[in-house]
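An overview of the molecular structure
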Amino acid sequence: MSKIRTAVVGLNMGLAHAHAYRLSDKSDLRWVVDLDEAKAAKVAEQLGCRYTTDWKEVLDDVDAISFATPHHLHAPMALEAIAAGKHVLMEKPLANTEEDCLKLIRAAEEKGVTLMVAYIVRYRPEVRRLKEAIDNEEYGKPFNAHCWIEAYLPPMPGSWFSRKETLGGGVLFSHGCHYIDILLWLFGRPVEVAGLGTRLGTEWMEGEGTHHALLKFESGALAHLVTSWGIKYKSTPALLHVHTPEACFVLSNKLEVITADGRKTLCEPREPADQNDTALAECEHFLDCIAKGERPLTDGYEALKSLRVIWSLYAHQGTPVRL
């Protein structure tokens, strides 16, 4: 197939997209865009493409755009790109409100372009192997999961990260959405949720900097997700534990399983682990969906599922709610 002309807008989170498009033989990376002109120029020189600080300059020269911009800009920028007939790969979250998410989904459908959300965790090989094991009930049906997303984000008071209106909420919305998405992907439809958040340890944020969420699924399985940007020192047992009557899956930078026979590895990506490999898989899935006219694994509807759960958690802090 002919190469798809691509651009990346926003070179913090978007840097991995830019490198992936450069590596892919399915992409012709034309532009990188950032308000920091020096950064844009440096990345363009490294990757052999053009640069600008005004993303609208690239519209006539590309087929597809990755947006990795502040969350409150996702909807207006993507709507303009879609109106111009461009395919869009949006860094999470899709948008800050359900209304804007639906506008993006409908606009893409009406224009006949691909809209995909960069839920990159789904494209990790060890996560895909876990999905396969659960779907095939290799060690029985799961009934319990624990997920630990603990990190430290240096304080940025006054930044768009610090404000609810521009971030869209707190740490659960901004970062935990990846893992709400994963839990829904693995376990199906949630029927009951409860959550609590706090600003302690992250007082520079208007929204919560630490959040605990509980989810109950149609199957009866329960999951507990801890998400924090306030944790300087950590010793978590893994990224994710999933329990079945016969085993415990342990997901970190590889997938292991613990059974009566001991501990064994089910999937271990090549060493050293390289996030660019996952970004390449994600971006190539986007490019393949454009070329084949197929629905992305993480399309707008899939993204909206996880955000609706988060909005339910926010609306009923501390009180279980039927969904």
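Heads up: these notes are all about the structure in this document.

Rules of the game
Residues numbered from 1 in each chain as written. Predicted model: local features only at pLDDT ≥ 70, side-chain atom pairs only at ≥ 80, totals over all residues. Heavy atoms only, no water. Helix = DSSP H or I, 4+ residues; strand = E, 2+ residues; numbered from the N terminus. Rg over C-alpha atoms; globule rule 2.2 N^0.38 Å. Buried < 20%, exposed > 50% of the residue type's maximum accessible area, 1.4 Å probe, protein only. Contact = heavy atoms within 4.5 Å. Areas by Shrake-Rupley, 256 points an atom, 1.4 Å probe, with all protein chains shown as cover. Phe/Tyr/Trp six-rings, centres within 6.5 Å; stacked < 30°, edge-to-face > 60°. Pairing = 2+ DSSP bridges. Axes fitted to C-alpha atoms, helices over the stretch in contact; angles between N-to-C directions. Lys, Arg positive; Asp, Glu negative; His and termini not counted. Salt bridge = Lys/Arg side-chain N within 4 Å of Asp/Glu carboxyl O. Left-handed = near helix turned anticlockwise from the far one by under 90°. Nonpolar A, V, L, I, M, F, W, Y, C, P; charged D, E, K, R; others polar. Expected span 1.5 Å × (residues − 1). Polar contact = N/O pair within 3.5 Å; in protein donor to acceptor, adjacent residues only side chain to side chain.

Along the backbone of the chain there are 9 helices and 15 strands. For 323 residues, the compact-globule formula gives about 20 Å, and the C-alpha radius of gyration of the chain, at 20 Å, lands near that figure. Structurally, the chain occupies a C-alpha span of about 55 × 40 × 40 Å along its principal axes. Here the chain, with 323 residues, has 54% of them falling under the buried criterion. Long-range pairs, those at least 24 residues apart, make up 67% of the contacts in the chain with a sequence separation of at least 6. Counting only carbon and sulfur atoms, one obtains 50% of the accessible surface of the chain, whose full area is about 14,600 Å².

Here we take up the packing of aromatic side chains. Any pair of aromatic rings gets described here by the distance separating the centres and the angle formed by the planes. Per the stated rule, a full pass over the model turns up 6 aromatic pairs. A ring pair is formed by Trp160 and Phe161, whose centres lie 4.3 Å apart and whose planes are at 45°; its orientation type is tilted. Using a relative accessible area of 22% as the deciding quantity, one classes Trp160 as partly exposed. An angle of 55° between the planes, with centres 5.6 Å apart, marks the rings of Phe161 and Trp229 as tilted. Pair noted here: Phe161 is in the loop between strand S7 (144–150) and helix H6 (164–167) and Trp229 is in the loop between strand S10 (222–228) and strand S11 (240–244), with a separation of 68 residues, a long-range link. By relative accessible area, which is 7% here, Trp229 ends up buried.

With parallel pairing, the 6 strands of this open sheet are ordered in space as S3-S2-S1-S4-S5-S6. Two strands bound the open sheet, and with one partner strand each, they are strand S3 (50–52) and strand S6 (115–118). Averaged over all pairs of adjacent strands, the angle between their axes in this sheet comes to 20°, without regard to strand direction. By the bridge criterion, 3 bridges tie strand S2 (residues 27–33) to S3 in an arrangement that is parallel. Note on S3: the bridge partner recorded for Val33 is Thr52. Of the strands in this sheet, strand S1 (4–9), strand S4 (64–67) and strand S5 (87–91) touch helix H3 (residues 74–83), which is tilted by about 165° from S5.

Inspection of the sheet shows strand S13 (residues 255–259) paired to strand S14 (residues 262–267) by 5 bridges, in the antiparallel sense. Residue Glu256 lies in a different strand from S14, and its bridge partner there is Thr265. Here S13 folds back onto S14 in antiparallel fashion, the turn holding 2 residues.

Right, let's get into the side chain of Lys86. By the secondary structure assignment, Lys86 is in the loop between H3 and S5. It turns out Lys86 is buried and unbridged, and the closest side chain with the opposite charge, Asp63, is 5.5 Å from it. Apart from residues lying up to four places away in sequence, Lys86 is in contact with Leu59, Val62, Asp63, Ile65, Ala81 and Val113.

What follows deals with the packing of helix H7 (residues 171–187) against helix H9 (residues 300–315). Axis separation between H7 and H9 bottoms out at 9 Å; the angle between their running directions is 115°. At the point where H7 passes H9, the crossing takes the right-handed sense. Touching Leu172, Phe173, Cys177, Ile180, Asp181 and Leu184 of H7 are Glu302, Lys305, Ser306, Leu307, Val309, Ile310, Trp311, Leu313 and Tyr314, all from H9. A per-class count over the contact of H7 with H9 returns 11 nonpolar, 1 polar and 3 charged.

So, on to H9. Over its 16 residues, H9 runs 22 Å from end to end, which matches the ideal 22 Å to within 8%, given 1.5 Å per residue. Those residues of H9 lying buried are Gly300, Glu302, Ala303, Leu304, Ser306, Leu307, Val309, Ile310, Trp311, Ser312 and Leu313. For H9, the N-terminal cap is Asp299; the gap from its side-chain oxygen to the backbone nitrogen of Tyr301 is 3.2 Å.

For the rest of this paragraph, the subject is the environment of Lys234. For Lys234, the position within the fold is in the loop between S10 and S11. On the basis of relative accessibility, which here comes to 55%, the residue Lys234 falls in the exposed class. Along the backbone, Lys234 and Phe286 are 52 residues apart, and their C-alpha atoms lie at a distance of 35 Å. For Lys234, the side chain forms a polar contact with the main-chain oxygen of Glu150, separated by 2.8 Å.

Counting through the fold element by element, Pro245 comes out in the loop between S11 and strand S12 (247–251). As for Pro245 and Gly140, which are separated by 105 residues in sequence, their C-alpha atoms are 6.2 Å apart. Here Pro245 is in contact with Tyr139, Lys141 and Phe143, once residues within four sequence places are set aside.

For Thr244, the location among the structural elements is in strand S11. For Thr244, the residues in contact, after removing those within four places along its chain, are Tyr139, Gly140, Lys141, Pro142, Phe143 and Phe249.

Attention now goes to the pattern of salt bridges. In the structure shown here, the tally under the stated rule is 19 salt bridges. We note a salt bridge from Lys26 to Asp288, for which the minimum N-O separation is 2.8 Å. Here the residue Lys26 occupies a position in the loop between helix H1 (15–23) and S2, and Asp288 occupies one in helix H8 (residues 275–292), the gap between them amounting to 262 residues. Taking the shortest distance from any N to any O, the salt bridge between Arg295 and Asp299 comes out at 2.5 Å. The exposed category is assigned to Arg295, whose relative accessible area is 56%. The exposure class assigned to Asp299 is buried, which follows from its relative accessible area of 6%. Among the charged side chains, a salt-bridge network with shared partners connects Arg5, Asp28, Arg30, Asp61 and Asp63.

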